[in-house]
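# A closer look at the structure
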Amino acid sequence: MEKHGIGTDASIPVHIQNICERNFVRVNGQRRTLVPTNVGISLVHGYYKIDPEIVLPQTRATIEKDLNLIAQGKATYEEVVSHALQIFKHKFEYFVKKINRMDELFEASFSHVSQMETTNKLKTKCGKCRRYMKYISLKPQRLYCQTCEETYRLPQGGAIKLYSELQCPLDGFELVLFSSGSGPRGKSYSVCPYCYNYPSLEGVPVGKGCNECPHPTCPHSVVQNGIMEHGDGCSGVLVFDPNSGPKWQMDCNKCNYALYLPVGAYKIKPLKTLCEDCGAKEFEVNFNKNNTPLPNDETLHSGCMNCDPILAPLTSDGHTRQRLARGRGRGRGRGRGRRGGKKKT
């Protein structure tokens, strides 16, 4: 405290006594040193996460200097008090708005052991320390890294599971898969825990999954996996869900709309080529040889899900099918197919 210019000979012992009584630290009897408790560590990290100046010595040191100005006759008591109150008023208002970050850190640090055992089934690695993080299923569900003592919020109202151990190439965090809705036709998308809380691009709001990430090079972003605009008054993009097989689908990243792709397909892969009619990305569809709709037992076909005369009738979107019906029926048979099995020479 003396090193940073805070406290006096009279206030320093009182300060130490207060933090001991509040169980923020404990005194090591042998070395006469202060050892922070779990409560104290969580409190400091929580303050630092919201407003670092609350725990760093600069703010307190500045007020101490202002008090010296009173003694030197360079400032009045009213001026110094008014200035200090304004500083902490703004800090208090900002802290209250972000108090959920403090709650998340404390809940992650002090959850019951039995709860930790049940929520530790999800094993996903932190991109900073490469250690496994803990999944806290208690609302709000989140990930907690014990090594870094960082908490990462996740989407709410659905299930979280590991996403094939794939990593975000931007920060090294392992992706998780968020699924909402019941049954095999639910909606799912990948989430990078770090990008979800700290977006990689300036101007991108917090709380966006990979299906809304506009990063131009990330293979998990909407730039790479977006197929076509939803339309019909919705500003969303239909994003292909590679995890949805064998009941393949595309989901709108803004609303609950889903376009269900051919059920009999063994494998579906989006291509970089665009449909000449509607501008959507085309797909390569590999059908099961025992259940192919293609003529002459062909299994491989490429085309637009919206316009191709073979693929379009095989898609469905329930009661909202009319939303994408405008583009259908205009295909000119540009789909490309080949017979299954060995190629004839």
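In this report, we go over the structure that sits alongside the text.

Rules used in this analysis
Residues numbered from 1 in each chain as written. Predicted model: local features only at pLDDT ≥ 70, side-chain atom pairs only at ≥ 80, totals over all residues. Heavy atoms only, no water. Helix = DSSP H or I, 4+ residues; strand = E, 2+ residues; numbered from the N terminus. Buried < 20%, exposed > 50% of the residue type's maximum accessible area, 1.4 Å probe, protein only. Contact = heavy atoms within 4.5 Å. Areas by Shrake-Rupley, 256 points an atom, 1.4 Å probe, with all protein chains shown as cover. Pairing = 2+ DSSP bridges. Axes fitted to C-alpha atoms, helices over the stretch in contact; angles between N-to-C directions. Phe/Tyr/Trp six-rings, centres within 6.5 Å; stacked < 30°, edge-to-face > 60°. Core = buried A, V, L, I, M, F, W, Y, C linked by side-chain atoms within 4.5 Å. Polar contact = N/O pair within 3.5 Å; in protein donor to acceptor, adjacent residues only side chain to side chain. Salt bridge = Lys/Arg side-chain N within 4 Å of Asp/Glu carboxyl O. Patch = residues over 30% accessible without salt bridge, like charges linked within 9 Å, V, L, I, M, F, W, Y side chains within 5 Å.

## A word on the overall build of the protein
When you go through the protein residue by residue, the secondary structure sums to 8 helices and 17 strands. Here the protein holds 345 residues, and the buried ones make up 38% of them. Sequence-distant contacts, at least 24 apart, represent 40% of the contacts inside the protein between residues at least 6 apart. Entry remark: accessible area of the protein is about 20200 Å², with carbon and sulfur atoms responsible for 51%.

## Regarding the sheet that holds strand S9 (residues 187–191)
Here 3 strands make up an open sheet; going across it, the order is S7-S8-S9 and the pairing antiparallel. Every interior strand has two partners, whereas the edge strands, strand S7 (159–167) and S9, have only one. In this sheet, neighbouring strand axes are inclined to one another by 25 degrees on average, regardless of whether the strands run parallel or antiparallel. Where S7 lies against strand S8 (residues 174–180), 5 bridges are found, and the strand directions are antiparallel. Looking at the pairing, Ile 160 lines up with Phe 178 of S8.

## Re the packing of aromatic side chains
In the structure shown here, the tally under the stated rule is 8 aromatic pairs. With 6.3 Å between their ring centres and 55 degrees between their planes, Tyr 152 and Tyr 194 make a pair best called tilted. Of the two residues, Tyr 152 is situated in strand S6 (residues 150–153) and Tyr 194 in helix H7 (residues 193–197); the sequence distance between them amounts to 42 residues. Judged by its relative accessible area of 0%, Tyr 152 is buried. A network of ring pairs unites the aromatic residues Tyr 152, Phe 173, Tyr 194 and Tyr 198 as a single cluster.

## Topic: the nonpolar core
Phe 240, Met 250, Leu 261, Ile 268, Phe 283 and Val 285 are the most contacted members of the largest nonpolar core, which totals 23 residues. Those elements giving two or more residues to this core turn out to be strand S10 (226–231), strand S11 (234–240), strand S12 (249–252), strand S14 (265–274) and strand S15 (281–287). Dropping the residues within four chain positions of it, Ile 268 is found in contact with Phe 240, Trp 248, Leu 261, Pro 262, Phe 283, Glu 284, Val 285 and Met 305. Core analysis: the next-biggest nonpolar cluster, separate from the first, contains 22 residues, Leu 122, Leu 143, Val 176 and Tyr 196 among them.

## Quick notes on the environment of Glu 212
Of note, Glu 212 is situated in the loop between H7 and helix H8 (222–225). The spatial distance from the C-alpha of Glu 212 to the C-alpha of Gly 236 is 9.0 Å, given a sequence separation of 24 residues. Setting aside anything within four residues of it in sequence, one finds Glu 212 in contact with Val 222, Asn 253 and Lys 254. Side-chain polar atoms of Glu 212 contact the side chain of Lys 208, separated by 3.5 Å.

## Re unusual backbone geometry
With a phi angle near 60 degrees, Asn 296 is a residue other than glycine that sits in the positive phi range. The residue Asn 296 is located in the loop between S15 and strand S16 (298–303) in this model. A positive phi is found at Asp 297, a non-glycine position, where the angle reads about 60 degrees. The residue Asp 297 is located in the loop between S15 and S16 in this model.

## Here's the deal with the pattern of salt bridges
Tallied over the entire structure, the rule returns 7 salt bridges. One salt bridge connects Lys 91 with Glu 53, and the closest N-O pair in it is separated by 2.6 Å. Of the two residues, Lys 91 sits in helix H4 (residues 77–97) while Glu 53 sits in the loop between helix H2 (38–50) and helix H3 (57–71), which places them 38 residues apart along the sequence. The class for Glu 53 is partly exposed, based on a relative accessible area of 44%.

## Side note on a nonpolar patch on the surface
There is a patch of nonpolar side chains on the surface, built from Val 44, Tyr 48, Ile 54, Val 55 and Leu 56 and spanning about 380 Å² of accessible area. As for its position among the elements, Ile 54 is in the loop between H2 and H3. Residue classification places Ile 54 among the partly exposed positions, given a relative accessible area of 35%.

## Quick look at the side chain of Glu 174
The topology assignment puts Glu 174 in strand S8. Within the structure, the side chain of Glu 174 is placed 3.0 Å from the backbone nitrogen of Lys 125, a separation counted as a polar contact. Each residue touching Glu 174, except ones within four places of it in the same chain, is listed here: Lys 123, Thr 124, Lys 125, Leu 162, Glu 165, Leu 166, Gln 167 and Pro 193.

## Focus: the environment of Leu 43
With respect to the secondary-structure elements, Leu 43 resides in helix H2. Taking the C-alpha atoms as reference points, Leu 43 and Val 55, separated by 12 residues in sequence, lie 9.6 Å from one another. Once residues lying within four places of it in the same chain are set aside, the contact partners of Leu 43 are Phe 24, Met 102 and Phe 106.

Functional significance is not addressed by these values, which are geometric in nature.
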